[in-house]
Amino acid sequence: MTKASFLERLPIIAILFLLIFIIFARTGESVHGQVTQLGTYLWDDYFVLRGDIPEPKCNPNIDIQQRLDKLEAEAGASAGDFDLFDEEFDRASAQSSLENQLHQCQRAHARAAEFRDKVTPSLLVFSAIEHKFSEASIFSTDKQTVLLLALLFISAAVATMQRHHIGFRPMVAKLDFQISLTLQFIANTALAVSAWKFRSNIMASEIQTSNPEIVNGMAVGATILALLSLKELFSMPKDAPRGGTLGRALLSVPLYTFVMLLFAFIVIVNQGNLAGLSLYFSAFFDQSGTYIDIALYLWCGMLLKQTQLGERVFSLFTPWRLPPEVLAFVAIAVMALPTAYTGASSIIILAMGAVVYRELRKVGTRRQLALATTAMSGSSGIVLSPCLIVIIVAILNKEVVTDDLFYWGVRVFLLTGVVFLFYAMITRKDPLKIAPISEALPKTLRHARPLMSYVIIFFLVASAYFWVLDARLDQFSAPIILPVIIFWMIVFERLLTKEKPLYDEPERIPTLPGALTKSMTDASIHIGGLLMLMSTFMIITSLGGEAVSATFLYDIESPYLIMGALMLMFVLIGMFMESMAAVGLVSLAIAPIAYQQGINPIHFWMTCLVALELGYLSPPVALSHIFTRQVVGEEEAVAASKEGDTFYYRHERLFLPLLVMGTTLLIVGFGPMIYGIGN
């Protein structure tokens, strides 16, 4: 490995170690609890023995007669002029009390000596190990903001060097590189200057900040990103074609750059607050644990790309020769569960979108339909338990509880599936014919056998966490357990199984080290692109009511008009904001007003979540389609644009999701009001 190659891989190695440390540190919480229980089983009084044994301060060899003489002398000397109330010194009672105290003291010393005798070298080693797990767990909890800070800027640096930030189009022509990298440099410089000003204000203030590492880290990290953008500007690919257009070049500018420049203008130029941009940006670190989970989920997706699991699952359906539209419906249904665990459609598209698209294309699904399905792969599962977005809604809004949201979420999910199947059927190209059961079922059962190995690995690892560490697989532990499960699946495929892949996949590396390296490289790029986008969107949430105002709802009396206005606002927010930032903004600026106007909170949030998904699928931004383009590649997207014999089929990737989510939104928004449900 050359020095240049090593320096390029160094940030990726750093991200790998960060994620592994986070997994081990969070696992350390469960390990520490179980190790402590084991200690109590192996040694009596382990909780005393594991620490410094307290030494009694009393004297176990006191001379009682000498002490009595002294007390009697002190009692006689203290007799004053009021002899009427004086009593003679009761030597017998004092002796009884001293004897009792001496007995207690001697017992305490004997107990301490007994504890010291129990402290063996093996106990000291065991206790030291337990303390290390405790320290790692405490560190990962206390320093989550520092870990996210490092993860954000290191991965953003990787995305910058790889020229892979999230945007409408990749940089191709020389003009694309010039415009995109120049604007990135300006945006990063604005954040850096703001962060240094913020740091200067804090240093000059007498008020101590609770997180100085965030201020310092933002200043250093943003400065490094600005310098990297400048370096990339002066080291453009020599083979980049000349020419290009300004419009095409602007489409290659990363989305985070547009958002950063917009709010740099609002906060720095319009409001005259140089430090304000970094202050609003720092709100991103208030939910450090959530965004670290996102990074872990993205790594899960990249690990999953290195397995045969996706093709094995889809191989269950290929013998039935299902029409592409029905297979797309199956893909939407299958992806609902991982979406519920990851918590956002953007995460599931980046993490598993490539797998969905690849498997649909392998069985002959047309590109436009495959792109539409991939973009929608996370849209239906966000309302299912244990989706993190729904939990955040319940945390930010005391008017709703997760049980009610998930109860109605299941019904919204089923409605979305039915609507998708309806439109898929009326727009299908092929006749609705499937293979005979006698022909398809034996093949499906034969394809199911290799899948059993993956099921066994899943249950073995999940059971090990449950029985050994008392950790259940839920929305809180999933980011930690799932990478471990998929890692062992890769180990099984590379080292143990004799089953050959159903087809060759260029991106799947046949060796274990190669597969892990490839997954981490891909994950680093996607983590940098998505976290940087999320962090800049958080500026809008921090601005709150200054960015979005819903006070006009007070002037509307009709509940139908109020709901229509809310739906429009939600869709517009979804067009330009990522889901977690959008939920924060809606909770702050819109929800209280809607509640006061008589909108049922459960109805409000079910409508909001569906409308946000419609916004993510709607031009001009269409975040879900941008993420899809990011994972399937520019070549596939261009090839899809050339397919289709009618206007609808040439733009099916846009029309089908809009029809499905638009219809679902109308039913969810107005249906309960028409039938009086929830009132």
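Residues numbered from 1 in each chain as written. Predicted model: local features only at pLDDT ≥ 70, side-chain atom pairs only at ≥ 80, totals over all residues. Heavy atoms only, no water.

S.K.: Go over the packing of aromatic side chains, please, and point to the residues and values.
M.R.: Going through the model one piece at a time under the given rule, you end up with 17 aromatic pairs. Here the aromatic rings of F281 and F285 are separated by 6.4 Å at their centres, their planes lie at 65 degrees, and the arrangement is edge-to-face. A relative accessible area of 0% means that F281 is categorised as buried. Here F570 and F604 contribute two aromatic rings whose centre-to-centre distance is 5.2 Å and whose plane-to-plane angle is 85 degrees, an arrangement assigned as edge-to-face. Residue F570 is found in helix α22 (residues 559-576), and its partner F604 is found in helix α25 (residues 601-616); the two are separated by 34 residues along the sequence. Residue class for F604 comes out buried when judged on its relative accessible area of 1%. Among the aromatic residues, those joined into a ring-pair cluster are F281, F284, F285 and Y291. (Phe/Tyr/Trp six-rings, centres within 6.5 Å; stacked < 30°, edge-to-face > 60°. Buried < 20%, exposed > 50% of the residue type's maximum accessible area, 1.4 Å probe, protein only. Helix = DSSP H or I, 4+ residues; strand = E, 2+ residues; numbered from the N terminus.)

S.K.: I'd love a proper account of the side chain of H109, names of residues and values included.
M.R.: Relative to the helices and strands, H109 resides in helix α4 (residues 91-118). A polar side-chain atom of H109 sits 2.9 Å from the main-chain carbonyl oxygen of C58. Leaving out residues up to four positions away in the same chain, H109 has contacts with E55, P56, C58 and P60. (Polar contact = N/O pair within 3.5 Å; in protein donor to acceptor, adjacent residues only side chain to side chain. Contact = heavy atoms within 4.5 Å.)

S.K.: An account of unusual backbone geometry is needed here, citing residue identities and associated values.
M.R.: A cis amide bond links S385 with the next residue in sequence, P386, at an omega value of 5 degrees. Inspection of the secondary structure assignment puts P386 in the loop between α16 (367-376) and α17 (388-396). With an omega dihedral of 15 degrees, the bond running from P619 to P620 counts as a cis peptide bond. Mapped onto the elements, P620 comes out in the loop between α25 and α26 (623-632). Not every positive phi belongs to a glycine, and R163 is a case in point at roughly 55 degrees. Along the chain, R163 falls in the loop between α6 (144-161) and α7 (174-204).

S.K.: Pulling in residues and values, what's your account of the nonpolar core?
M.R.: Membership of the largest hydrophobic core comes to 199 residues, with the highest contact counts inside it found for F281, I590, F604 and W605. Top contributing element to this core by residue count: helix α21 (residues 512-543), with 15 residues. For F604, the residues in contact, after removing those within four places along its chain, are L566, F570, V586, I590, A591, A594, Y595 and I599. (Core = buried A, V, L, I, M, F, W, Y, C linked by side-chain atoms within 4.5 Å.)

S.K.: Describe the pattern of salt bridges, naming the residues involved and giving the relevant values.
M.R.: Taken as a whole and judged by the stated rule, the model has 18 salt bridges. Two residues, D470 and R472, come together in a salt bridge whose shortest N-O distance is 3.8 Å. By relative accessible area, which is 46% here, D470 ends up partly exposed. Overlapping salt bridges bring together R163, K231 and E232 as one network. (Salt bridge = Lys/Arg side-chain N within 4 Å of Asp/Glu carboxyl O.)

S.K.: How would you sum up a nonpolar patch on the surface? Please name residues and give values.
M.R.: Nonpolar side chains collect at one region of the surface, where M452, V455, I456, F459 and L460 lie side by side and expose about 490 Å² of accessible area between them. With respect to the secondary-structure elements, M452 resides in helix α19 (residues 437-469). (Patch = residues over 30% accessible without salt bridge, like charges linked within 9 Å, V, L, I, M, F, W, Y side chains within 5 Å. Areas by Shrake-Rupley, 256 points an atom, 1.4 Å probe, with all protein chains shown as cover.)

S.K.: Give me the lowdown on the environment of L360, citing residues and values where you can.
M.R.: Residue position: L360 is located in helix α15 (residues 345-362). For L360, a relative accessible area of 0% corresponds to the buried category. In sequence terms L360 and A582 are 222 residues apart; their C-alpha atoms lie 31 Å from each other.

S.K.: How would you sum up helix α10 (residues 255-270)? Please name residues and give values.
M.R.: Taking 1.5 Å as the rise per residue, α10 with 16 residues should run 22 Å; its terminal C-alpha atoms sit 21 Å apart, in good agreement. Three or more residues of α10 are buried, namely L255, Y256, T257, V259, M260, F263, A264 and V267. Just past α10, the residue G272 takes up positive phi, approximately 70 degrees. (Expected span 1.5 Å × (residues − 1).)

S.K.: Outline the state of the cysteines, listing residues and values.
M.R.: Scanning the model with the defined rule gives 1 disulfide in all. Across a sulfur-sulfur distance of 2.0 Å, C58 and C105 are joined as a disulfide pair. Across the S-S bond of C58 and C105 the torsion is about 100 degrees, and the bridge reads as right-handed. Taken together, the residues span a long stretch of sequence, with C58 in the loop between α2 (46-49) and α3 (64-77) and C105 in helix α4 at a distance of 47 residues. (Disulfide = S-S within 2.5 Å.)

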